[in-house]
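# Secondary and tertiary structure notes
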Amino acid sequence: MQEVENIVNGKELFKKPEYQKVLADKKAFEGAMGAVNPGKVEEIAEWTKSWEYREKNLAREAITVNPAKACQPLGAVMVALGFENTMPYVHGSHGCVAYFRSYFTRHFKEPTPCVSDSMTEDAAVFGGLVNMKDGLKNCAALYKPDMIMVSTTCMAEVIGDDLFAFASAAKEEDGGEFLPEDFPIPYAHTPSFVGSHITGYDNMMQGTLQQLNEGMKGEKTDTINIIPGFETYIGSIRSIKSIADAFGANYTMIGDHSDQWDMPAGNYEMFAGGTKIEDAKQAINAKATLSMQKYATTKTMKMITKRWKQKESANLNPIGLKGTDEFVMKLAELTGKEVPESLKTERGRLVDAMQDSYPYMHGKKFAIWGDPDFLIGMVSFLLEMGAEPTHVLCHNAPRGWEDEMRALLDTSPAAADCHVWAGKDLWHMRSLLFTEPVDFMIGNSYGKELMRDTGTPLIYIGFPIFDRHHLHRYSISGYDGALNLLTWITNKVLDQLDEETKGIASTDYFFDLIR
Amino acid sequence: MGPETLDAKQKAAVEEVLKAYPAKAAKNRAKHLGVGGPEDESQKTCGNVRSNKKTVPGVMSQRGCAYAGSKGVVWGPVKDMVHISHGPIGCGQYSRAGRRNYYIGTTGVDTFVTMNFSSDFQEKDIVFGGDKKLSKCLEEIDELFPLNNGITVQSECPIGLIGDDINATSKVYAKESGNTIVPVNCEGFRGVSQSLGHHIANDTIRDYVFEGTKPLLGEPIEPTEYDVAIIGDYNIGGDAWSSRILLEEMGLRVTAQWSGDATIKEMAQTPKVKLNLLHCYRSMNYISRHMEKEYGIPWVEYNFFGPTQTIKSLRKIASFFDETIQANAEKVIEKYQPMVDAVVNKYKPRLEGKQVMLFVGGLRPRHVIGAYEDLGMEVIGTGYEFAHDDDYKRTKDEIFRSTVIYDDVNEYELEAFVKKLQPDLVASGIKEKYVFQKMGLPYRQMHSWDYSGPYHGYDGFAIFAQDMDLAINSPVWAHSTAPWDKEEEA
């Protein structure tokens with residue numbers, strides 16, 4: 001029973017003897033193997049750690065277990081929230097939207113506005129035109145956005161709804177009451193059964209830029225577009241902006257959700273910050289567009305370089321020292337300016353820190369998973385520190401990624417022991433960790449069970465992160481972002497060193513005060 | 001002029017909210033909003049609201065889908081079975097391990113609740129059909145997870161649209177393998193919310209678990225006169241465990257939990273019990289009615305939130321049994337009363353008179369009212385994501401005062417009601433949490449107990465009281481206004 005002076009929640013409550021008895025007694029009615037024959041559970045648990053199991057596991061053709069990817073419309077919602085007063089609108093079932101909103105909200109600890117047009121069985125049969133007409137009108141009336149960005153769930157994709165025709169019909173029927181003729185409603189088809197959330201980001205970004213810039217081609221400006229990609233680190237967007245600011249560059253961050261998912265307390269407004277619509281409409285006239293995540297913007301960048309003919313555009317990846325250097329040099333080239341002193345100093349400080357901490361990362365084996373661009377940047381950084389990325393796993397690896405990662409790993413002296421796992425999931429990773437163990441894992445919250453099962457310490461870097469707070473507020477890009485990475489990783493190594501040496505009168509000679 | 005009455009303020013708020021809508025939507029929403037009065041016999045449902053209707057498009061509903069109702073709520077917590085999210089990758093990923101359905105087991109070996117199994121549909125599966133892939137999925141699961149006691153196939157939207165026959169595929173594989181395979185046609189577009197998913201899932205338990213042929217592990221349960229099953233408790237934060245202990249203390253034997261910390265064996269043998277105890281009426285009344293009709297097992301609704309309702313429920317449950325059990329129930333009530341008194345004495349002075357607005361799903365919009373009122377708090381607004389009329393009828397008996405009732409409330413409405421009625425605490429889900437916290441309003445997630453709990457039973461009530469106090473009396477809310485702004489005000 002609870003003691004009123006010390007009320008405890010389930011964590012401690014269920015340790016009390018009366019509850020331990022409840023849990024033990026319950027087993028008499030259970031049919032799970034653990035209740036019937038615990039020895040068998042141990043035996044199978046051991047087997048799952050074996051090379052034999054690994055071979056069977058890696059041979060899986062159909063079932064995905066513990067994935068490390070999500071579906072397209074999630075990325076489309078992120079794009080929409082990067083534009084000023086823009087409501088993401090998902091044409092399809094509202095169940096999907098409830099999921100997108102929960103998912104982002106759990107990561108950012110921020111509200112995530114997004115509507116759906118609640119298609120149900122009749123819409124699946126007759127199409128979602130009525131839903132779209134009512135939905136756009138209601139959304140505009142209630143939330144008064146300046147733009148509505150339409151993406152689709154797989155239900156709408158399977159039945160093949162025509163978004164452009166539907167949006168036009170909605171405007172026509174509304175007659176300008178809530179949806180004026182020129183009200184922007186960019187749309188993109190984002191089928192969940194193709195690619196992943198980054199594909200949805202790309203499709204929505206490409207569709208938006210194309211549609212907003214139709215007929216806008218004019219005088220070339222000296223503006224540089226910067227597209228952050230599916231960026232889940234608010235601080236990274238700010239780091240990139242501060243680098244561009246240091247150059248005094250004239251730039252537009254296209255799809256800037258850094259204020260939307262980082263609102264100060266005090267009062268609540270549904271939308272904050274974001275790329276201004278009029279700026280987005282000038283994207284076509286910029287002198288160059290820089291993508292910070294090439295695999296999340298493949299289609300978008302193809303349009304920009306091929307159709308918009310922005311010759312100086314480039315794909316960059318400002319995670320780690322070299323990636324940031326390349327971004328900085330690209331800006332120097334595009335602005336025609338020297339690298340500013342402030343950045344030179346910042347770089348120098350980062351390198352100084354790397355030279356202070358290198359002994360702790362050098363030679364350490366890492367397993368890492370996440371989105372393709374994130375991995376390219378992170379692995380570069382690990383290599384810059386002399387670490388060994390033993391297992392690099394990308395569930396949503398696009399074409400070309402595996403080769404690029406392999407080439408990157410081949411620059412390591414430990415190349416032979418560094419493995420690329422494209423299209424594999426986190427249950428595969430479990431086998432890899434048991435058979436070819438590493439010192440640390442870098443990944444998202446889904447690594448938690450791997451940490452428990454294999455005992456490998458997890459460094460929380462990635463998306464989504466649900467069970468640690470505020471990491472998403474920091475940067476992992478630019479020199480300051482690299483310093484954060486260095487700090488998190490090094491200190492986790494040191495924490496682990498303490499863990500392993502704290503045994504009193506046995507190992508604590510190495511439990512050093514100074515390191 | 002006297003102060004505006006609560007009732008008048010609530011009615012005005014409803015009227016004002018409706019003004020924001022275009023005509024067609026306003027007409028629809030008007031039927032879902034109302035003001036409930038505890039004494040008002042003229043009201044057919046609480047506040048006369050209508051429910052279980054299609055959501056108005058474009059309004060930011062908080063509702064989920066049938067898949068969420070089946071995989072997320074009913075089936076997902078069954079621990080010794082593998083549940084495949086059948087279709088594209090997203091659904092399973094977004095719903096993974098979010099509900100805190102606690103269980104004891106070796107995850108990945110003999111239990112699987114927090115894992116995510118997906119058939120990860122690609123374009124070719126949509127074009128050519130996914131039945132072969134499903135077959136292969138089932139095979140691979142049995143090979144890699146040999147201790148699973150069955151597999152369910154939770155359909156996502158495309159399955160029903162592309163003409164796949166998961167029923168036939170499952171049947172063939174079940175016959176070949178001898179395993180229990182449960183196909184569930186819970187595509188997200190079916191129905192208007194999670195609710196139909198609960199119903200579909202209930203029906204599949206009836207068809208594949210009660211009628212199952214696979215031998216169950218261990219000894220069969222020898223029935224006793226005192227066997228009961230807990231139905232509709234998902235063991236969020238351990239709720240079913242803090243309920244179970246009370247039932248066992250009064251001499252009953254809980255042979256099954258549905259479906260938090262459940263095994264298929266417990267469910268399969270439930271038709272042997274003497275009484276079904278139904279906590280979440282909405283999601284599991286179907287199977288309870290079935291067992292009543294088919295096996296003659298009576299069922300009784302109960303409420304283990306807060307001491308007033310817990311005491312009432314213990315007595316109601318005991319009334320189905322002999323005098324020994326009835327006497328035991330009194331002993332249990334007596335045993336915990338001093339603790340309850342101490343909890344109330346400790347927290348009531350800190351919480352008394354604080355007003356609360358709720359918006360949750362299932363049973364909580366009415367069931368938790370008593371727990372707040374036991375602490376002297378006043379619930380002034382409540383509503384359900386996916387209730388039916390019978391839920392709103394039951395709500396009428398649980399409210400204490402004029403209460404604004406909002407069915408399938410959306411972001412706009414809830415924000416407007418909160419701004420107008422100014423409660424001291426909002427208790428709802430994750431999607432709304434940070435909206436209200438930004439406004440400086442104390443907030444508790446009432447789907448997941450905000451990563452605390454359990455809240456059921458006497459021990460749970462103590463935690464509930466402590467958590468509400470934590471939320472309302474935390475110093476953090478006072479920091480929203482900066483000192484320079486405070487000076488300006490002065």
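Computed from a prediction, not measured in an experiment: that's the story for all the values here.

### Some details on the overall build of chain A
- Looking only at helices and strands, one finds 22 helices and 13 strands in chain A.
- In terms of overall dimensions, chain A is globule-like: its C-alpha atoms have a radius of gyration of 25 Å, near the 24 Å expected for 515 residues.
- Taking the principal axes of the C-alpha coordinates as reference, chain A spans close to 75 × 65 × 55 Å.
- Among the 515 residues that make up chain A, the fraction classed as buried is 62%.
- Contacts in chain A between residues at least 24 apart in sequence constitute 73% of all its contacts with a sequence separation of at least 6.

### Quick word on the overall build of chain B
- A tally of helices and strands in chain B yields 21 helices and 14 strands.
- With respect to the principal axes defined by its C-alpha atoms, chain B has extents near 80 × 60 × 45 Å.
- Counting only residues that meet the buried cut, chain B has 66% of its 490 residues in that class.
- Here the analysis covers contacts within chain B between residues at least 6 apart in sequence; of these, 72% occur between residues at least 24 apart.
- Accessible area of chain B: about 16400 Å², with a carbon and sulfur share of 51%.
- A distance of 3 Å separates the average location of the 56 positive side-chain charges in chain B from that of its 68 negative side-chain charges.

### What to know about the sheet that holds strand 6 (residues 227-233) of chain B
Residues and elements named next belong to chain B.
- Within the open sheet, the 4 strands sit side by side as 7-6-8-9. Their pairing is parallel. Each edge of the open sheet is held by one strand with a lone partner, namely strand 7 (253-259) and strand 9 (299-301). Looking at each pair of strands side by side, their axes are set apart by 25° on average, direction ignored.
- Where strand 8 (residues 275-278) and strand 9 come together, 3 bridges link them in parallel fashion.

### Examining the packing of aromatic side chains
- Under the definition given, this model contains 40 aromatic pairs over all chains.
- With a centroid separation of 6.0 Å and an interplanar angle of 40°, the aromatic rings of A:F104 and A:F463 are classed as tilted. Here the residue A:F104 occupies a position in helix 7 (residues 94-108), and A:F463 occupies one in the loop between strand 13 (458-460) and helix 22 (478-501), the gap between them amounting to 359 residues.
- Residue classification places A:F463 among the buried residues on the basis of a relative accessible area of 14%.
- Note on A:F108 and A:W261: the rings are 4.3 Å apart at their centroids and 10° apart in plane angle, and the pair reads as stacked. Here the residue A:F108 occupies a position in helix 7, and A:W261 occupies one in the loop between strand 6 (251-253) and helix 14 (277-280), the gap between them amounting to 153 residues.
- Residue A:W261 is classed as buried on the basis of its relative accessible area, which comes to 0%.
- Across the ring face of B:Y281, the terminal group of B:R394 is positioned such that the distance to the ring centre comes to 3.8 Å.

### Points about the pattern of salt bridges
- Under the defined criterion, the tally for this structure stands at 63 salt bridges over all chains.
- Salt-bridge contacts for B:K438 lead to A:E110; the nearest nitrogen and oxygen are separated by 3.0 Å. Linking B:K438 in helix 19 (residues 430-438) with A:E110 in the loop between helix 7 and strand 3 (115-116), this pair reaches from one chain into another. Side by side, B:K438 and A:E110 carry an identical accessibility label, which is buried.
- Between B:K79 and B:D261 there is a salt bridge, and its shortest N-O distance comes to 2.8 Å. In this pair, B:K79 is assigned in the loop between helix 3 (66-75) and strand 2 (82-86) and B:D261 in the loop between strand 7 and helix 11 (264-268), connecting sequence segments 182 residues apart. An identical accessibility class is assigned to B:K79 and B:D261; each is buried.
- Taken together, the shared-partner salt bridges in this structure form one network comprising A:K26, A:E30, B:K79, B:D261 and B:E266.

### With respect to the nonpolar core
- Counting residues in each nonpolar core, the largest one holds 180 residues, and the members touching the most others are A:L136, A:M405, A:I461, A:I489 and B:F417.
- Setting aside residues no more than four positions away along its own chain, A:I489 makes contact with A:M361, A:F366, A:F381, A:L382, A:I442, A:I459 and A:I461.
- Listed in part, the 103 residues of the second largest apolar core include B:L275, B:I317, B:V344 and B:F461.

### Side note on the sheet that holds strand 8 (residues 314-315) of chain A
Residues and elements named next belong to chain A.
- Taking strand neighbours across the sheet as the criterion, the 4 strands line up as 6-5-7-8 in an open arrangement whose pairing is parallel. Here the strands that pair on one side only, and so sit at the sheet edges, are strand 6 and strand 8.
- In the packing of helix 13 (residues 234-246) onto the sheet, contacts are made with strand 5 (224-227) and strand 6, and the angle to strand 6 comes to roughly 175°.
- Its contacts with the sheet put helix 15 (residues 298-307) on strand 5, strand 7 (288-291) and strand 8, and the angle it makes with strand 7 is roughly 165°.

### Here we look at the pairing of strand 5 (residues 181-184) of chain B
All names here are of chain B.
- Side chains I181 and P183 project from strand 5 onto one buried face, and the interleaved V182 and V184 project onto a second face that is buried too.
- Where strand 4 (residues 151-155) meets strand 5, 4 bridges bridge the pair, whose relative direction is parallel. Of the residues in strand 5, the one forming a bridge with V153 is P183.

### A few points about helix 20 (residues 426-435) of chain A
Residue and element names in this part refer to chain A.
- Most of helix 20 is tucked away, with 10 of its 10 residues classed as buried.
- Regarding helix 20, the residues found buried are L426, W427, H428, M429, R430, S431, L432, L433, F434 and T435.
- The distance from a side-chain oxygen at the start of helix 20 to the backbone nitrogen of W427 is 3.0 Å, and the residue carrying that oxygen is D425.

### A word on the confidence of the model for chain B
- Averaged over chain B, the pLDDT score is 96; the fraction of residues at 70 or greater is 99%.
- Interface confidence for the predicted complex, expressed as ipTM, amounts to 0.97; the pTM equals 0.98.

### Structural notes on the environment of A:E346
Residue and element names in this part refer to chain A.
- Among the secondary structure elements, E346 is positioned in helix 17 (residues 341-361).
- Residue E346 is classed as partly exposed on the basis of its relative accessible area, which comes to 27%.
- Excluding anything up to four places from it in sequence, E346 contacts Y479 and D480.
- Of the polar contacts made by the side chain of E346, one reaches the backbone nitrogen of D480; its length is 3.3 Å.

### Details of the interface of chain B and chain A
- At the junction of the two partners, chain B supplies 112 residues and chain A supplies 101 residues.
- Both sides of the chain B and chain A interface together cover about 9200 Å² of buried area, and 65% of this is carbon and sulfur.
- Viewed at the interface, chain A and chain B are joined by 11 salt bridges.
- A salt bridge links B:K79 to A:E30; the nearest nitrogen and oxygen atoms lie 2.8 Å apart.
- In this structure, the connection of chain B to chain A is made through 41 residue pairs in polar contact (both at pLDDT 80 or more).
- Of the residues assigned to the side of chain B that touches chain A, the class counts are 52 nonpolar, 33 polar and 27 charged.
- The pairing of strand 1 (residues 64-65) of chain A with strand 3 (residues 117-118) of chain B spans 2 bridges and is classified as antiparallel. What sits directly across from A:T64, in strand 3 of chain B, is B:S118.

### Examining the environment of A:N85
Residues and elements named next belong to chain A.
- Residue placement: N85 occurs in the loop between helix 6 (72-80) and strand 2 (86-91).
- For the pair N85 and K144, spaced 59 residues apart in sequence, the C-alpha to C-alpha distance is 8.3 Å.
- Apart from residues no more than four positions distant in its own chain, N85 is found in contact with P145, D146, M147, F271 and G273.

### A few points about the packing of helix 16 (residues 320-335) of chain A against helix 17 of chain A
Residues and elements named next belong to chain A.
- Here helix 16 crosses helix 17 at 170°, and the two axes come no closer than 12 Å. Compared by their axis directions, helix 16 and helix 17 come out roughly antiparallel. When helix 16 is examined against helix 17, the residues L321, D325 and V328 are found in contact with a partner set consisting of L343, R347, L350, V351 and M354.
- Partitioned by chemical class, the residues of the contact of helix 16 with helix 17 number 6 nonpolar, no polar and 2 charged.

### Points about the pairing of strand 11 (residues 419-422) of chain A
Residue and element names in this part refer to chain A.
- The pairing of strand 10 (residues 388-394) with strand 11 spans 4 bridges and is classified as parallel. Bridge pairing in strand 11 links L393 to W421.
- At this point the chain moves from strand 10, through helix 19 (residues 401-409), to the parallel strand 11, and the crossover so formed is right-handed.

### Observations concerning the environment of B:V192
All names here are of chain B.
- Within the secondary structure, V192 sits in the loop between strand 5 and helix 9 (195-210).
- When its relative accessible area of 15% is taken as the criterion, V192 is described as buried.
- Taking the C-alpha atoms as reference points, V192 and F386, separated by 194 residues in sequence, lie 8.0 Å from one another.

### Looking at unusual backbone geometry
- Here A:F463 and A:P464 are connected by a cis peptide whose omega angle stands at -5°.
- Mapped onto the elements, A:P464 comes out in the loop between strand 13 and helix 22.
- Look at the link from B:W258 to B:S259: it is a cis peptide, with omega at -15°.
- Mapped onto the fold, B:S259 is located in strand 7.
- Even without glycine at this site, B:R100 takes up a positive phi of about 60°.
- Within the element layout of this structure, B:R100 appears in the loop between helix 4 (90-94) and strand 3.

Cut-offs and rules
Residues numbered from 1 in each chain as written. Chains lettered and ligands numbered in written order. Predicted model: local features only at pLDDT ≥ 70, side-chain atom pairs only at ≥ 80, totals over all residues. Heavy atoms only, no water. Helix = DSSP H or I, 4+ residues; strand = E, 2+ residues; numbered from the N terminus. Rg over C-alpha atoms; globule rule 2.2 N^0.38 Å. Buried < 20%, exposed > 50% of the residue type's maximum accessible area, 1.4 Å probe, protein only. Contact = heavy atoms within 4.5 Å. Areas by Shrake-Rupley, 256 points an atom, 1.4 Å probe, with all protein chains shown as cover. Lys, Arg positive; Asp, Glu negative; His and termini not counted. Charge placed at Lys NZ, Arg CZ, Asp CG, Glu CD. Pairing = 2+ DSSP bridges. Axes fitted to C-alpha atoms, helices over the stretch in contact; angles between N-to-C directions. Phe/Tyr/Trp six-rings, centres within 6.5 Å; stacked < 30°, edge-to-face > 60°. Lys NZ or Arg CZ within 6 Å of the ring centre and 35° of its normal. Salt bridge = Lys/Arg side-chain N within 4 Å of Asp/Glu carboxyl O. Core = buried A, V, L, I, M, F, W, Y, C linked by side-chain atoms within 4.5 Å. Polar contact = N/O pair within 3.5 Å; in protein donor to acceptor, adjacent residues only side chain to side chain. pLDDT = per-residue confidence, 0-100. Buried area = accessible area lost by both parts, 1.4 Å probe. Nonpolar A, V, L, I, M, F, W, Y, C, P; charged D, E, K, R; others polar. Parallel < 35°, antiparallel > 145°, perpendicular 65-115°, else oblique. Right-handed = clockwise from strand over helix to strand, strands pointing away.

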